[in-house]
Amino acid sequence: MSTSDNNQRKAPRGERVADWADGRLGIYSLAKANMRKIFPDHWSFMLGEICLYSFIIIILTGVYLTLFFHPSMNEVVYHGSYVPMQGVLMSEAFASTLDISFDVRGGLLIRQIHHWAALIFVAGMIVHMMRVFFTGAFRKPREVNWVFGFLLLVLGMFTGFTGYSLPDDLLSGTGVRFMQGAILSVPVVGTYLSFFLFGGEFPGGDFVARFYSVHILLLPGIMMGLLVAHLILVFYHKHTQFAGPGRTNNNVVGMPLLPVYMAKAGGFFFLVFGVIAAIAAIASINPIWALGPYRPDHVSTGAQPDWYMGMPEGLIRAMPGWEINLWGHTLVLGVFVPLVLFPLVLVSIAVWPFIESWVTGDKREHHILDRPRNAPTRTAFGVAWIAEYIVLLIGGGNDMFAQYFHLSINSITWFVRIGFFVVPVLAFIVTKRICLGLQRRDRDKVLHGRETGIIKRLPHGEFVEVHEPLPQASLHTLTAHEQYEPLELGPAVDENGVERKVGRIEKLRVKLSKGFYAEGNQIPKATVEEYREIQAGHGHH
Ligand code: HEM
Ligand code: HEM
């Protein structure tokens, strides 16, 4: 290009900066391809954003905390401004957390934001996971992203655990002791693992420093990688959408990323930040000064982990204290069985997408979401899982429930023991019935229209309620779902007339498939013929 041409208009400064950056980073084509990316709108798609924003808030506040927190178990005598603790011997970790709370400007607020954001982060992940689960958004091609999400949930729980263990207060020390007990119950390697983790006898002088590296670097680093991969996959697969007129498995109806979605997302970030900051400013969380420093021979009453660790806690509290003694070795089943059950309960939900596609034999891509009622078996399983989780949470807080509701702690423990087996089954049956009932209602609405509440008297004296036909859009939405046929075992003999061997696994698969789709497990949706016949006959009934 000629530079001597003075008449030529100089490009505006913004454009020149953009040109400069593009020449070096090549981002123009990337941005051009993605800026107009379409995102569908639904309130439940904001749950993933809540996870994202609370994670960002955790990192921002976490970095501030690292400036003042001392991850050391060296003992010091406290001389800070919290008078009741002055002169008390404590670890540097505990003393520095007291300093953050009382002497660092804004320290207590930031600590509380960090802690509240962590609680909301894990809760957000569970609710987001349930949205994805109940709408079937985990189906092909999103199974791998479901697993990434699941790993984020598990890592988030453990990052939280290592975080609330850092201040080395009486509550967190009790939690770490609990974990060490669980490790010790592992046959053969338990003792070695515990010595390795704690650098010798519990508590030793190392675990805060070790948990610190794990908490601020290792786990958040892995989570960050997974999160980026998670979001790239959301972009790559495109977001799912609910059925509606004009929406197909091959298109996405919604708003472009820029400017609409970015503006909304930006605003929503500040909303989430604002709400968490307001909660943290009002509601005290983890007041370590009321608990005091950790000493292995002390324990506080009413000790509770953060809510997401309540589930394993419930398993341990409800499990009878069984032990087996063999050849001079003790197997502590009372702790070891819960330790095995904890991952099993979690993994049962992680593997669901693979089980569902195996049972249904459905290998197609799905970009249109299910309404939970139209997948009754899946929905019932999800509700059963939540019910199990809640039963165990009650178990984890059995002392609190006993105290606040004036109940016997033993009755609560027995409720949890029985409820662990019974409540999910009940939840499954009730949910499935409700889903089928709602499917019947949908069918009725499509065929007979909406009940208007207007009662008409006919000339011969009969009273009828006027039913109003649904608008076309609603008819579409209520009948857009697919209905599947259950798998069949196939002929008992092959094409040559030779008896065909049917394996047990195949029989199980067919049985499960019938559980999903056989008669009675889904209500046939209204067909066009049925609709026309009824509409032609009468407008009301
Ligand atoms: C750090 C935690 C997480 C973050 C920040 C996150 C973020 C997001 C965002 C922003 C979306 C798109 C908007 C939405 O549908 O809500 C999304 C979609 C998705 N997430 Fe997550 N998520 C997290 C954890 C999880 C977990 C625990 C699961 C499941 C176990 C999961 C599974 C999925 C799936 C399958 C999609 C695609 C959904 C669709 O296209 O309809 N995510 N995630
Ligand atoms: C998913 C990620 C994270 C979760 C769930 C989480 C959770 C927690 C929790 C619950 C505490 C106890 C707070 C208290 O004293 O009441 C804590 C402490 C702490 N966290 Fe995190 N955190 C995360 C990531 C980070 C990151 C990325 C950093 C640093 C870059 C960090 C730095 C710290 C520090 C320094 C403490 C000790 C100070 C204190 O206890 O007040 N955290 N964390």
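Look up: the structure comes first, before these words.
These numbers come from a predicted model, not from an experiment.

## What to know about the overall build of the chain
The secondary structure content of the chain amounts to 19 helices and 10 strands. Judged by the C-alpha coordinates and their principal axes, the chain covers about 90 × 90 × 65 Å. Counting the 541 residues in the chain, one finds 42% classified as buried. Looking at the chain alone, contacts between residues at least 24 apart form 75% of all its contacts between residues at least 6 apart. About 29800 Å² of surface is accessible on the chain, with carbon and sulfur atoms providing 66% of the total.

## Considerations on the packing of aromatic side chains
A full pass over the atoms with the stated rule returns 32 aromatic pairs. For the ring pair Phe-45 and Phe-242, a centre distance of 6.2 Å and an interplane angle of 0° mean the geometry is stacked. Of this pair, Phe-45 sits in the loop between strand E1 (38-39) and helix H3 (47-66) while Phe-242 is found in strand E4 (residues 241-242), placing the two residues 197 residues apart along the sequence. With a centroid separation of 4.7 Å and an interplanar angle of 10°, the aromatic rings of Tyr-82 and Phe-102 are classed as stacked. In this pair, Tyr-82 sits in the loop between strand E2 (75-77) and strand E3 (89-91) while Phe-102 sits in helix H4 (residues 92-102), placing the two residues 20 residues apart along the sequence. The structure contains a cluster of three or more aromatic residues connected by ring pairs, namely Phe-133, Phe-134, Phe-138, Trp-146, Trp-352, Phe-381, Tyr-484, Phe-516 and Tyr-517. Its guanidinium or amino end placed over the ring of Trp-414, Arg-417 lies 4.8 Å from that ring's centre, counting from NZ or CZ.

## With respect to the site of ligand 1
In the vicinity of ligand 1 there are 24 residues, among which His-128, Arg-131, His-230, His-239 and Thr-240 approach most closely. Taking His-239, its side chain carries an N or O atom lying 2.6 Å from an oxygen atom of ligand 1. Of all elements in the fold, only H3, helix H5 (107-134), helix H6 (143-165) and helix H9 (207-237) reach the threshold of two or more residues within the shell around ligand 1. If you tally residues by element for the shell around ligand 1, the top one is H5, at 6 residues. Tallied by class, residues from the shell around ligand 1 come to 15 nonpolar, 6 polar and 3 charged.

## Overview of the side chain of Asp-306
Checked against the element boundaries, Asp-306 lands in the loop between helix H10 (257-282) and helix H11 (310-318). The side chain of Asp-306 sits in the buried core without any salt bridge; Arg-111 is the nearest counter-charge, 9.7 Å away. Side chain to side chain, Asp-306 and His-115 meet in a polar contact 2.8 Å long. With sequence-adjacent residues up to four places away left out, Asp-306 is seen in contact with His-115, Leu-119 and Tyr-164.

## As for the site of ligand 2
Taken together, 25 residues lie near ligand 2, and Arg-111, His-114, His-115, His-215 and Asn-286 sit nearest. Arg-111 places a side-chain nitrogen or oxygen 2.9 Å from an oxygen atom of ligand 2. His-215 is positioned with one of its side-chain polar atoms (N or O) 2.8 Å from a nitrogen atom of ligand 2. Where the shell around ligand 2 is concerned, the elements lending two or more residues are H3, H5, H6 and H9. Considering every element that reaches the shell around ligand 2, the biggest residue donor is H3, with 6 residues. Per-class residue counts for the shell around ligand 2 are 14 nonpolar, 10 polar and 1 charged.

## Re the coordination of the iron atom of ligand 1
Taken together, His-128 (NE2) and His-230 (NE2) make up the protein donors of the iron atom of ligand 1, found 2.0 to 2.1 Å from the metal. The site at the iron atom of ligand 1 holds 6 donor atoms, and with the angles between them running 85 to 180°, its shape is octahedral. Separated by 102 residues along the polypeptide, His-128 in helix H5 and His-230 in helix H9 bring together distant segments of the chain. What makes His-230 buried here is its relative accessible area of 14%.

## Digging into empty space enclosed by the protein
Scanning all chains against the criterion turns up 1 cavity of 30 Å³ or more. What the largest cavity holds in volume is close to 80 Å³. For the largest cavity, the full set of lining residues is Asn-374, Gln-439, Asp-442, Arg-443, Val-446, Leu-478, Thr-479, His-481, Ile-523, Pro-524, Lys-525 and Ala-526. Residue contributions to the lining of the largest cavity peak at 4 residues, all from helix H16 (residues 409-448). Of the residues belonging to the lining of the largest cavity, the class tally is 5 nonpolar, 4 polar and 3 charged.

## A word on the coordination of the iron atom of ligand 2
Within the first shell, the iron atom of ligand 2 binds the protein through His-114 (NE2) and His-215 (NE2), at distances of 2.0 Å. Given 6 donor atoms and angles of 86 to 179° at the metal, the environment of the iron atom of ligand 2 is assigned as octahedral. Taken together, the positions of His-114 in helix H5 and His-215 in helix H9 put the pair 101 residues apart, joining distant regions of the chain. When sorted by exposure, His-114 lands in the same class as His-215, which is buried.

## Points about the packing of H6 against helix H12 (residues 333-350)
Two numbers describe how H6 lies on H12: the axes approach to 10 Å, and their chain directions differ by 155°. It follows from the interaxial angle that H6 and H12 lie roughly antiparallel. The chirality of how H6 crosses H12 is right-handed. Two secondary-structure elements touch here, H6 through Trp-146, Phe-150, Val-154, Met-157 and Phe-158 and H12 through Phe-342, Leu-346, Val-347, Ile-349 and Ala-350. The residue makeup of the contact of H6 with H12, split by class, is 10 nonpolar, no polar and no charged.

What counts as what
Residue numbers run consecutively from 1 along every chain, following the written order of its sequence. For this description, chains carry letters from A and ligands carry numbers from 1, given in the order in which they are written. Confidence filtering applies because this is a predicted model: local features only for residues at pLDDT of at least 70, side-chain atom pairs given and counted only at 80 or more, and all residues used for totals across whole chains, interfaces and linings. As a convention, hydrogens and water are excluded, and side-chain values are obtained from all of the structure's heavy atoms. Numbering goes from the N terminus for both helices and strands, where a helix is a DSSP run of H or I of at least four residues and a strand is a run of E of at least two. Only protein chains enter the area calculation, which uses a 1.4 Å probe; residues under 20% of their type maximum are buried, those over 50% are exposed, and those in between are partly exposed. A contact between two residues is defined here by any heavy atoms of the two lying within 4.5 Å. Working definition of accessibility: Shrake-Rupley area with a 1.4 Å probe, residue cover restricted to the visible protein chains. The rule is short: rings of Phe, Tyr and Trp, with Trp giving its six-membered ring, pair when the centres are within 6.5 Å, and they are stacked under 30 degrees, edge-to-face over 60, tilted in between. In our convention, an over-ring charge means Lys NZ or Arg CZ found within 6 Å of a ring centre and within 35 degrees of that ring's normal. One heavy atom within 4 Å of a molecule or strand is enough for the residue carrying it to be called near that molecule or strand. Polar contacts here mean pairs of N or O atoms no more than 3.5 Å apart (in protein, one a potential hydrogen donor and the other a potential acceptor; neighbouring residues in sequence count only if both atoms are side-chain atoms). Only Asp, Glu, Lys and Arg are considered charged in this grouping, and only Ala, Val, Leu, Ile, Met, Phe, Trp, Tyr, Cys and Pro are considered nonpolar; every other residue, Gly among them, is considered polar. Under the counting rule used here, the positive set is Lys and Arg, the negative set is Asp and Glu, and His together with the chain ends is not counted. Salt bridges are defined by distance alone: a side-chain nitrogen of Lys or Arg within 4 Å of a carboxyl oxygen of Asp or Glu. Excluding water, the donors of a metal are its N, O and S neighbours within 2.8 Å, or within 3.2 Å for Na, K and Ca, and that exclusion means sites may look incomplete. Angle rules define the geometry names used: all angles between 85 and 135 degrees makes four donors tetrahedral, while opposite donors over 155 degrees apart and all other angles between 65 and 115 make four donors square planar and six octahedral, leaving every other case irregular. Only protein atoms enter the 1 Å grid, on which a cavity is a set of points fitting a 1.4 Å probe that cannot get out and a pocket is an open set with protein on both sides within 12 Å along at least 5 of 7 lines, lining residues being those with an atom within 4 Å of a point. Grid points are joined across faces, edges and corners, and a volume is the space filled by probe spheres set on the points. Here, axes are lines fitted to C-alpha atoms. For helices the fit covers the stretch in contact, and angles between N-to-C directions go from 0 to 180 degrees. Each angle is binned into one of four classes, with values under 35 degrees roughly parallel, values over 145 roughly antiparallel, values of 65 to 115 roughly perpendicular, and all other values oblique. Each crossing is labelled by how the near helix is turned from the far one, with a counterclockwise turn of less than a right angle marking it left-handed and a clockwise turn marking it right-handed.

Keep in mind these values describe shape, not function.
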